[in-house]
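# Topology and contacts: notes
Listed below are the residues making up each chain.
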Amino acid sequence: MFRRLHEAALIAIEFEGRVLQVAPHDSVAAALLTAGIEHTRTTPVTGAPRAPYCMMGVCFDCLVEIDGMPNRQACMTRVREGMKIRRQDGTRRLEP
């Protein structure tokens, strides 16, 4: 579905335990879409899968957990070497 228009030196990120080689200038959302990841979160009520939609920070459909921090917008966050990303399933856990 998505493909690179040019070659770039790649960096390694981790998505749910799977190491992905991605371009260092990509947003997390673009990197995941290019890697074939079909959804980045599920809805709290029905558990329906959601994927990046607007790619400019308006819709919040791309929320993921990045390095242990929930509710991060994948489309607004640039990848960095060693980043650990997980899907955000349902509602986030609230700390006391």
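To keep things clear, this report deals only with the structure shown in the data block. Throughout this document, residue positions are counted from 1 along each chain, in the order its sequence is written. The predicted origin of the model limits local features to residues at a pLDDT of at least 70 and limits the giving and counting of side-chain atom pairs to 80 or more, whereas totals for whole chains, interfaces and linings rest on all residues. Only hydrogens and water are set aside; all other atoms, that is, all heavy atoms of the structure, feed into the side-chain values.

What follows deals with the overall build of the chain. Looking only at helices and strands, the chain has one helix and seven strands in total. Helical segments are the DSSP runs of H or I of at least four residues, strand segments are the runs of E of at least two, and each set is numbered from the N terminus. Going from N to C terminus, the chain has its helices and strands arranged as β-β-α-β-β-β-β-β. Expressed as a percentage of the 96 residues in the chain, the buried residues total 36%. Summing over all exposed atoms, the chain offers an accessible surface of approximately 6300 Å²; the carbon and sulfur share of this is 54%. Think of it in three bands: with a 1.4 Å probe and only protein chains considered, a residue is buried below 20% of the maximum accessible area for its type, exposed above 50%, and partly exposed in between. The Shrake-Rupley method, run with a 1.4 Å probe, gives the accessible areas here. Residue values count only the displayed protein chains as cover.

This paragraph deals with the nonpolar core. Working definition of a nonpolar core: buried Ala, Val, Leu, Ile, Met, Phe, Trp, Tyr and Cys residues. They are joined through side-chain atoms within 4.5 Å. In terms of nonpolar packing, the biggest core is built from 18 residues, with Ile 13, Val 22, Val 28, Leu 32, Val 79 and Ile 85 touching the most fellow members. Secondary structure elements with two or more residues in this core: strand S1 (11-15), strand S2 (18-22), helix H1 (28-34) and strand S5 (63-66). Top contributing element to this core by residue count: H1, with four residues.

Strands qualify as paired when DSSP identifies two bridges or more between them. Both S5 and strand S6 (residues 69-73) contribute to a ladder of three bridges, which runs antiparallel. Bridged to Val 64 within S6 is Arg 72. The loop that links S5 with its antiparallel partner S6 comprises two residues; one of these, Asp 67, has a positive phi angle of about 50°.

The disulfide criterion is simple: two cysteine sulfur atoms within 2.5 Å. Per the stated rule, a full pass over the model turns up zero disulfides. Cysteine Cys 54 remains unbridged, with the sulfur of Cys 59 as its closest cysteine sulfur at 3.7 Å. As a non-bridged cysteine, Cys 75 has Cys 62 as the owner of its nearest cysteine sulfur, 3.7 Å distant.

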